[in-house]
Amino acid sequence: MLAQEAIAGGRTAILLKLALVRGPAIMAPAPPALPPKSSMDRYAVIGNPVAHSLSPAIHARFAAQFAERIEYVALAAPLDGFRASVERFFREGGRGANVTLPFKMEAFELAHVRSQRARESGAANFLARREDGTIAADNTDGAGLVADLRDNLGMDIEGASILMIGAGGAARGVIGPLLGEGPARLVVANRDVERGRALAARFASAGQVESCALDRIPDTAFGLVVNATSASTLGMPLALPDESIFRPGVLAYDMAYGANARAFLERAAARGARACDGLGMLVEQAAESFRLWRGRRPATREVIAELRAGRA
Ligand code: ATR
């Protein structure tokens, strides 16, 4: 079954085909059926689950800004069939794909060429088919976070003290680009101390990075506190004993968005911090992906505002 949504934009109508995607934890042997071929340039976000992804709506809006005709679908890959799904998508004419949980590391591994920022993070959320048929991988998550902080939220990252809570894939994907902005200090606080230490060591040559346990956070006036744990998405309470990190003048940022981010943001706001979810990061990483595929960077503010207003 296909749900079709027509969005009128300028002279062009963008036809957005949303593939019906399956529920979580599917283990089907064969790659999922692809939507019928079309003459439009084809893109996809591939994940599992992916049914509620906002990416098709975001990219439809980007394309409309330039009166371009593209097709961008949400594609659920079986948990044991990511590579087969990607290969089939590109074999059948796909130009590029965004990759979301849980496949970002597999996406990195299957690519033939990897950008510096993909190599730094060991994960890819961006794939593109090159002229010769090989696949290039990049990671636009960190650039998306930096763009949201700097351009949308007015944060001056240079010289700031940053507390990164979490040391998993989400944190690893954004630390390099954050350090690229020249913060004074970045502290990785993680429940599993060894994991935090290993992550800090991975980025030691890129800036001033330290690590600590979640209950040993240094008493520094952090300007930015980022929640990069999966606690938000899993709906679990964040094991963060000391709330004094949240104070007026601090930007508390959850990389999750919407209802998933609420618990963390309410905790931060209750102590006077400015609290923001990761919706802007989602749109900005998409804009960076769109730019890499199509050579033009779309405007993002209105798209973020529309999504916040629930008009997507
Ligand atoms: P992702 O790819 O989404 O980052 P991950 O690699 O599994 O997922 O990493 C999850 C991160 O969230 C880890 O830093 C994890 O802490 P541990 O390394 O100590 O497991 C962190 N995390 C998950 N649930 C948490 C919770 N309830 N409180 C604190 N940290 C949590």
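Definitions and cut-offs
Residues numbered from 1 in each chain as written. Predicted model: local features only at pLDDT ≥ 70, side-chain atom pairs only at ≥ 80, totals over all residues. Pairing = 2+ DSSP bridges. Helix = DSSP H or I, 4+ residues; strand = E, 2+ residues; numbered from the N terminus. Contact = placed C-beta atoms within 7 Å. Axes fitted to C-alpha atoms, helices over the stretch in contact; angles between N-to-C directions. Parallel < 35°, antiparallel > 145°, perpendicular 65-115°, else oblique. Left-handed = near helix turned anticlockwise from the far one by under 90°. Nonpolar A, V, L, I, M, F, W, Y, C, P; charged D, E, K, R; others polar. Core = buried A, V, L, I, M, F, W, Y, C linked by C-beta atoms within 7 Å. Buried ≥ 20, exposed ≤ 12 C-beta atoms within 10 Å, placed from the backbone. Domains from an automatic or database assignment.

Student: Lay out the sheet that holds strand 6 (residues 113-114) with the relevant residues and their values.
Tutor: With respect to topology, 6 strands assemble into an open sheet ordered 4-3-5-7-8-6, the strand pairing being mixed. Pairing within the sheet leaves two strands with one partner each, and these edge strands are strand 4 (70-76) and strand 6. Contacts from helix 1 (residues 55-65) reach strand 3 (41-47), strand 4 and strand 5 (94-99), with the element oriented near 170° to strand 4. Taken strand by strand, helix 10 (residues 279-294) contacts strand 3, strand 5, strand 7 (126-129) and strand 8 (135-138), and its axis lies near 15° from that of strand 7.

Student: An account of the sheet that holds strand 12 (residues 224-227) is requested, with residue identities and associated values reported.
Tutor: Taken in spatial order, the 6 strands of this open sheet run 11-10-9-12-13-14, and their pairing is parallel. Strand pairing shows two members of the sheet lacking a second neighbour, strand 11 (209-213) and strand 14 (274-276), which therefore form its edges. The sheet shows a mean angle of 20° between the axes of neighbouring strands, taken without regard to direction. Where strand 10 (residues 185-190) and strand 11 come together, 5 bridges link them in parallel fashion. Bridged to L186 within strand 11 is V209. Taken strand by strand, helix 6 (residues 169-180) contacts strand 9 (161-165), strand 10 and strand 11, and its axis lies near 170° from that of strand 10.

Student: Hey, could you go over the packing of helix 10 against helix 11 (residues 301-308) for me, with residue numbers and the actual values?
Tutor: Contact geometry for helix 10 and helix 11: axes closest at 10 Å, N-to-C directions at 135°. Judged by the inter-axis angle, helix 10 sits oblique to helix 11. Judged by the twist between their axes, the crossing of helix 10 over helix 11 is right-handed. Of the residues in helix 11, those in contact with L279, G280 and V283 of helix 10 are V303, I304, L307 and R308. Here the contact of helix 10 with helix 11 is built from residues that sort into 5 nonpolar, 1 polar and 1 charged.

Student: I'd like a description of the nonpolar core, backed by residues and values.
Tutor: Membership of the largest hydrophobic core comes to 94 residues, with the highest contact counts inside it found for I46, L75, A124, L127, M164, V225 and A252. In terms of residues, this core owes the most to one element, helix 10, which gives 8 residues. Looking at which domains feed residues into this core, each of domain 1 (2-139 + 282-308) and domain 2 (142-277) gives three or more. What I46 contacts, discounting residues up to four positions off in sequence, is L75, A77, S85, V86, A97, V99 and F103.

Remember, this is a structural readout, not a statement about activity or role.
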